[in-house]
Amino acid sequence: MLNTFQQRAHAMLPAATHDESSRQEFAKSLKQFVQEALLPGLQPVFARRAAAKFADEHGRAPADRREIRSAMLSDPYFQTYASTNRVSQELMWASVTDSIDRELPQLIDRAKSLSAAATANLKIPEKFAVPRYVSALDIHCMPGGYTTEVAPGDVSVAALYDRGAYLYCIGYCGPNNDDFGVSVCNYVKRNLKGFKPQRILDLGCTVGHSTLPYKERFPDAEVWGIDVGAPLVRYAHARAAALGAEVHFAQMNAEATEFESGSFDLIVSHILLHETSAKAMPRIMHECHRLLAPGGYMIHADLPPFDRMDAFTQFILDNETWYNNEPFWGAMRDMDQIQLCVDAGFARDNIYFSTAPMAILEAAAHSAAGYTDAAAQAVADREFAAGEFAPGGGWEVLVAQKSLNGHE
Amino acid sequence: MTSGSDAKPRVVRHAKGKRPKFSQVAGVDELMSMVLVLASELCVLRDRVDAMERVGARNGIDFAAEIERLPLDQAALEAREARRQDLFQRLYYLARKEAEELEAVDTAERYKAVIDEIAKP
């Protein structure tokens, strides 16, 4: 099934020339190819070649993901796979950077005028301490990371993230790149019967991809998105205005926000936790518990722990740690996330992992460009292979409810 | 960052963090990136040719015959040379990143230290 998925245009998205569009499509197509055609080869390469070589040298099979990695590092097929994957990531960002570099002053002006006309809040403090886990490396090799500003009112890294993340997801997250948010919204509506959140907080919202679905599906609720990147929330606010959504944004750290205790009844995050740190994660869980009203829910859509998969799958997923500037990717999966929630004050009986089914079929139903019924169905139905973007079926979600009396 | 107050702001081109090595053979990683950049530019070009043929066909123009008869004037020569130089910039992006890393003294040791530091409870 050919992947012809196309991102939906909006006023903040940088416009690409014909050549730039072609480079972007190339990067997306290369990612599709790596997943479909190179990734599956790692299993036989390991089983027939690398594991055998390891056994010859050690007299036993590799015992865990670290030994599998050591066995695979010198294998030429693995090197071709891993280096191609890395280059696809570099070319993906580069393909978008050209458009932004050309249009930057106009993009900044557009963000300013869209935000000025919006009724929703945008809060960016004068001074803000960016946490080290965001500033030490440019996460997922995105040049500039989440916080770099090359001009006053800069939004360049946010524009880069908006377009680049869509290409990274090879369109699987829908034309608005909002599948995480839509899927969690659907999960809330279908599984938490009778729960109607009035105030919703999205942690680590980046450009608001996953934040806006909450306002669409819970239109009476007050929805906030926070992030440590000033360019991100600035862009998110303008993008929301361009898309006609009244969603509030603020530059805040999810470890310690400025909101009042008990002031939210739904707190969510989407692919945030693995970009934090072992010190930050417990603080974020504590902050969620503090911010939730009694009976409120916290839902984090992120990476399932390593103990829920075999060693070979762990090895493949951990490649992100080593090759994609994701320093917490592997370590986060080793943490006991249930225990973190318990330590934060949630009752153990009220904490569980679940699956939020992907919503890509909804994109096809809305006739978005490239999202044919057949192509969307193929993504929704496929068997998950470790290392592919997006599991077949759905996203892993960690759900915890604060008890009704507020105490555990 | 801009070099002067009037200079147009330029976006960041390289991601901070030491690039890993894949092949033990020196130069192979660079070659891999160059081959893929070339493949990308080939696709870009093929898409543009495809677009031209489609635009031409919509307007009743036979591009194949016209292209064979096209003379290259000074402006055309300059445009083509500028495009080739731009291609080399893309092709050698890794060599340029390596030079930047050396200048900033960004190392694999620092990368590993960040992983350890951030995993520390």
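Residues numbered from 1 in each chain as written. Chains lettered and ligands numbered in written order. Predicted model: local features only at pLDDT ≥ 70, side-chain atom pairs only at ≥ 80, totals over all residues. Heavy atoms only, no water.

Asker: Got a sec to walk through the sheet that holds strand E5 (residues 264-270) of chain A? Specific residues and values, please.
Answerer: Residues and elements named next belong to chain A. The strand order across the open sheet built from 8 strands is E1-E4-E3-E2-E5-E6-E8-E7, with neighbouring strands paired in mixed fashion. Two strands bound the open sheet, and with one partner strand each, they are strand E1 (122-123) and strand E7 (351-357). Judged from the 4 bridges that link them, strand E3 (residues 222-227) and strand E4 (residues 248-251) form a sheet pairing that is parallel. The residue of E4 that forms the bridge with glycine 225 is phenylalanine 249. On the sheet, helix H7 (residues 179-191) packs against E5, strand E6 (292-301), E7 and strand E8 (394-401) and is oriented at approximately 115 degrees with respect to E7. With respect to the sheet, helix H9 (residues 230-242) is in contact with E1, E3 and E4, its orientation differing from that of E4 by roughly 170 degrees. (Pairing = 2+ DSSP bridges. Helix = DSSP H or I, 4+ residues; strand = E, 2+ residues; numbered from the N terminus. Contact = heavy atoms within 4.5 Å. Axes fitted to C-alpha atoms, helices over the stretch in contact; angles between N-to-C directions.)

Asker: I'd love a proper account of the layout of surface pockets, names of residues and values included.
Answerer: In this structure, the second largest pocket spans a volume of roughly 920 Å³. Lining of the second largest pocket is provided by 26 residues; of these, Asp19 of chain A together with Leu45, Arg48, Arg80 and Arg83 of chain B occupy positions nearest its centre. Secondary structure elements with two or more residues in the lining of the second largest pocket: helix H1 (18-38) and helix H4 (76-116) of chain A together with helix H1 (28-58), helix H2 (63-68) and helix H3 (74-91) of chain B. Here the lining of the second largest pocket takes 8 residues from H1 of chain B, the largest share from any one element. (1 Å grid on protein atoms, 1.4 Å probe; cavity = no way out; pocket = protein on both sides within 12 Å on 5 of 7 lines; lining within 4 Å. Points joined across faces, edges and corners; volume = space filled by probe spheres on them.)

Asker: Could you give an account of the pairing of strand E2 (residues 199-203) of chain A, with specific residues and numbers?
Answerer: The buried count for E2 of chain A comes to 5 of 5 residues, which makes it a mostly enclosed element. Remark: the E2 of chain A/helix H8 (residues 212-217) of chain A/E3 of chain A crossover connection has right-handed handedness. (Buried < 20%, exposed > 50% of the residue type's maximum accessible area, 1.4 Å probe, protein only. Right-handed = clockwise from strand over helix to strand, strands pointing away.)

Asker: Help me get a handle on the environment of proline 62 of chain A, residues and values and all.
Answerer: Residues and elements named next belong to chain A. Among the structural elements, proline 62 can be located in the loop between helix H2 (42-58) and helix H3 (65-72). For proline 62, a relative accessible area of 14% puts it in the buried group. Considering only alpha carbons, one finds proline 62 and alanine 52, 10 residues apart in sequence, at a separation of 9.5 Å.

Asker: I'd love a proper account of the interface of chain A and chain B, names of residues and values included.
Answerer: The interface is formed by 52 residues belonging to chain A together with 42 residues belonging to chain B. Across the interface of chain A and chain B, roughly 4,200 Å² is buried in total on both sides, 61% from carbon and sulfur atoms. The interface formed by chain A and chain B holds 8 salt bridges in total. For glutamate 117 of chain B, the salt bridge is made with arginine 132 of chain A, and the minimal N-O distance between the two is 2.9 Å. (Buried area = accessible area lost by both parts, 1.4 Å probe. Salt bridge = Lys/Arg side-chain N within 4 Å of Asp/Glu carboxyl O.)

Asker: Describe the side chain of serine 40 of chain B, listing the residues and the values that go with them.
Answerer: Here serine 40 of chain B is to be found in helix H1. Since its relative accessible area comes to 6%, serine 40 of chain B is described here as buried. Once residues within four sequence positions are removed from consideration, serine 40 of chain B is found in contact with Arg23 and Phe26 of chain A.

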